[in-house]
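Here are the chains, one letter per residue:
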Amino acid sequence: MAGKILNYFAGGNTAKGFHTLYDSNLQGLERIYILKGGPGTGKSSLMKKIGNEWVEKGYDIELLHCSSDNNSIDGLIIRALKVGVVDGTAPHVIEPKAPGAVEQYINLGEAWDAHALAVEKKNIQQLSNRISASFNLAYSTFKQALDVHDDWEKIYIENMDFEKADQLTNRLIQSYFGKLKLNKKSDIRHRFLGAATPKGAVDFVPNLTEGIEKRYFIKGRPGSGKSTMLKKLAAAAEARGIDTEVYHCGFDPNSLDMVIFREIGIAIFDSTAPHEYFPTRAGDEIIDMYELLITPGTDEIYEDKIKPIAESYKGKMKEAISYLARAKELHDELEAIYVPAMNFSIVEHIQTRISDEIIDLELNAIVSNQ
């Protein structure tokens, strides 16, 4: 029986620049292969192939998706074997904690024709500079969008009943956890619910919540307390030793969009645009923060103020996404220079070597468990 695949983002293009949560997800791994090499050197394809091998063997895997290329992944984790393979090139540079003992560098540059690339040096440098400029424009525009979003939030914050918000959070904590307290330290993993990509907002909520018995869909407006409530729920779970997956907002990494407590079969998430979902199965429940906490009629009273803010925000987000799309186009041009200079048979040998070493890790794990 094939294993399951968990899909998520551990890095994102945000209003704070490129933000990485890699360390949280690589924590606890005993072997990490860090791939080095330029664009088009086969890093994503290598990881996908290794991942497919182990899924077919029945192992669950985690795929860390690339926020700058919708068709690529930035990492693969086989948690049962405590092994990971990750792209260690900028912007997701990974600092080794125990070089050689845990982290192993893999240089895919061994497979390229340096002379052929030297001929294209000027083009490579120009394209690289233009890509960086496009990302910087995207980040600065996301920051402008966040400033507009803050103005949007203020309207609802000024019309929120904070006492009711605390009561709601406390009811949920009691409902979810009761007197449960596990005799262990909770395993906390920080990830992104979704990401701003060249093709717009992308998320993996259906995949991440598959098999979760009880799902809570939070509805509301900007500033209606969704993130604050999620932070308090995560803190309450951690205090009780409950493992928690903490999913940050792909636009503002300081905000939370979802927490999952797999041990007790509960997921609760911000189900408003751009990751809007509705109940589809038994056990799904809506929590409407606007209805429960915001002064009735706020939407109508402030309609003339909200409408231009919402339009400005959407316009800035669309503009920022266009810069990501431009960066992807330029990156494709850069890949087109590298691909002809690659000897992919060498990459295949590297992939086989990594696969063989993972097999050894599997055998060692089997022996140690006997």
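So, here's what we can say about the structure. (Residues numbered from 1 in each chain as written. Predicted model: local features only at pLDDT ≥ 70, side-chain atom pairs only at ≥ 80, totals over all residues. Heavy atoms only, no water.)

**So, the pattern of salt bridges**
With the rule as written, the count across this model stands at 20 salt bridges. Notably, a salt bridge pairs Glu357 with Arg31, separated by 3.6 Å at the nearest N-O pair. In this pair, Glu357 sits in helix α11 (residues 344-369) while Arg31 sits in strand β4 (residues 31-36), placing the two residues 326 residues apart along the sequence. A relative accessible area of 25% places Glu357 in the partly exposed class. Here Lys316 and Glu319 are joined by a salt bridge, their closest N and O atoms 3.7 Å apart. Of the two residues, Lys316 and Glu319 both sit in helix α10 (residues 303-338), three residues apart, roughly one turn of that helix. (Salt bridge = Lys/Arg side-chain N within 4 Å of Asp/Glu carboxyl O. Helix = DSSP H or I, 4+ residues; strand = E, 2+ residues; numbered from the N terminus. Buried < 20%, exposed > 50% of the residue type's maximum accessible area, 1.4 Å probe, protein only.)

**Details of the pairing of strand β15 (residues 266-270)**
When you tally the buried positions in β15, you get five out of five residues, the bulk of the element. Side chains of β15 alternate between two faces, with Ile266, Ile268 and Asp270 and Ala267 and Phe269 buried alike. As judged from the five bridges shared by strand β12 (residues 214-219) and β15, these two strands associate in the parallel manner. Each residue of the ladder has a partner; that of Ile218, found in β15, is Asp270. Of the strand pairs in this sheet, strand β14 (residues 256-261) and β15 are connected by four bridges, and their pairing is antiparallel. Bridging across to β15, Phe261 finds its partner in Ile266. Hairpin connection from β14 to β15: four residues lie between these consecutive antiparallel strands, with Gly265 at a positive phi of about 70°. (Pairing = 2+ DSSP bridges.)

Just geometry here; none of it tells us what the structure is for.
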